[in-house]
Amino acid sequence: MITFERECRTPHSESYTIFEDGSIVGRVDLHYQGTNVYATLCTTADADEERIQQLIDATDEQLVMTADPYREDFIVTVWRGSPAGVYSDNELDDDEDEDDTFRLN
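A quick note: this is a predicted structure, and the numbers were derived from the prediction, not measured. (Residues numbered from 1 in each chain as written. Predicted model: local features only at pLDDT ≥ 70, side-chain atom pairs only at ≥ 80, totals over all residues. Heavy atoms only, no water.)

The next thing to look at is the overall build of the protein chain. For the protein chain, the helix and strand inventory stands at one helix and seven strands. Along the chain direction, N to C, the helices and strands of the protein chain fall in the order β-β-β-β-α-β-β-β. A separation threshold of at least 6 residues defines the contact pool for the protein chain, and within that pool the share at least 24 residues apart is 37%. Only carbon and sulfur atoms are counted for the fraction: they give 46% of the accessible area of the protein chain, which is about 7400 Å². (Helix = DSSP H or I, 4+ residues; strand = E, 2+ residues; numbered from the N terminus. Contact = heavy atoms within 4.5 Å. Areas by Shrake-Rupley, 256 points an atom, 1.4 Å probe, with all protein chains shown as cover.)

Okay, structure coming up:
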């Protein structure tokens, strides 16, 4: 089952990590512009067309179609690749997984 964990939200956008069976399978950023929704979907390099369509459908059903106002169009840009990490200007906390976060200099 595909699930989503929200990472951040603004008045017109949201970012989610995508999970399946407890493993990260991608990330999606949603941007709401009137009745149109624009998405950037990032998934693994081995994702085929069927897998990409499953992720798009799950995003639409679980996130986009539940938002107000109801969307007229859903435009998705897809990137396939491998995660390189999360970069931040903030100092790393001891509680965080330092292997996944990098400091920008």
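With that settled, consider the packing of aromatic side chains. All chains considered together, the criterion is met by one aromatic pair. Taking the centre distance of 6.2 Å and the plane angle of 85 degrees together, the rings of Phe4 and Tyr16 count as edge-to-face. Taken as a pair, Phe4 in strand β1 (residues 2–10) and Tyr16 in strand β2 (residues 13–20) lie far apart in primary sequence, twelve residues in all. The class for Phe4 is buried, based on a relative accessible area of 18%. Judged by relative accessible area, which is 6%, Tyr16 ranks as buried. (Phe/Tyr/Trp six-rings, centres within 6.5 Å; stacked < 30°, edge-to-face > 60°. Buried < 20%, exposed > 50% of the residue type's maximum accessible area, 1.4 Å probe, protein only.)

On inspection of all chains with the given rule, the structure shows five salt bridges. Notably, a salt bridge pairs Arg27 with Asp29, separated by 3.5 Å at the nearest N-O pair. Among the residues examined, Arg27 registers a relative accessible area of 32% and is labelled partly exposed. Put simply, Arg71 and Asp60 hold a salt bridge, and the shortest N to O gap is 2.7 Å. You can see Arg71 sitting in the loop between α1 (49–64) and β5 (73–81) and its partner Asp60 sitting in helix α1, a full eleven residues away along the chain. Look at Arg71 and you get buried, because its relative accessible area is 16%. Looking at Asp60, the relative accessible area reads 10%, which means it is buried. Members of the salt-bridge network, linked through shared partners, are Arg6, Arg9 and Glu14. (Salt bridge = Lys/Arg side-chain N within 4 Å of Asp/Glu carboxyl O.)

To continue, consider the side chain of Arg51. Here Arg51 lies in helix α1. We classify Arg51 as buried; its relative accessible area is 16%. Side chain to side chain, Arg51 and Glu20 meet in a polar contact 2.4 Å long. The residues contacting Arg51, other than those within four sequence positions of it, are Ile2, Glu20 and Val25. (Polar contact = N/O pair within 3.5 Å; in protein donor to acceptor, adjacent residues only side chain to side chain.)

With that out of the way, let us pick up the sheet that holds β1. What the five strands build is an open sheet, ordered β1-β2-β3-β4-β5; its pairing is mixed. Each having just a single partner strand, β1 and β5 make up the two edges of the open sheet. Taking each pair of neighbouring strands and ignoring which way they run, the sheet shows an average axis angle of 20 degrees. Of the strands in this sheet, β1, β2, β3 (23–33), β4 (36–44) and β5 touch α1, which is tilted by about 60 degrees from β1. (Pairing = 2+ DSSP bridges. Axes fitted to C-alpha atoms, helices over the stretch in contact; angles between N-to-C directions.)

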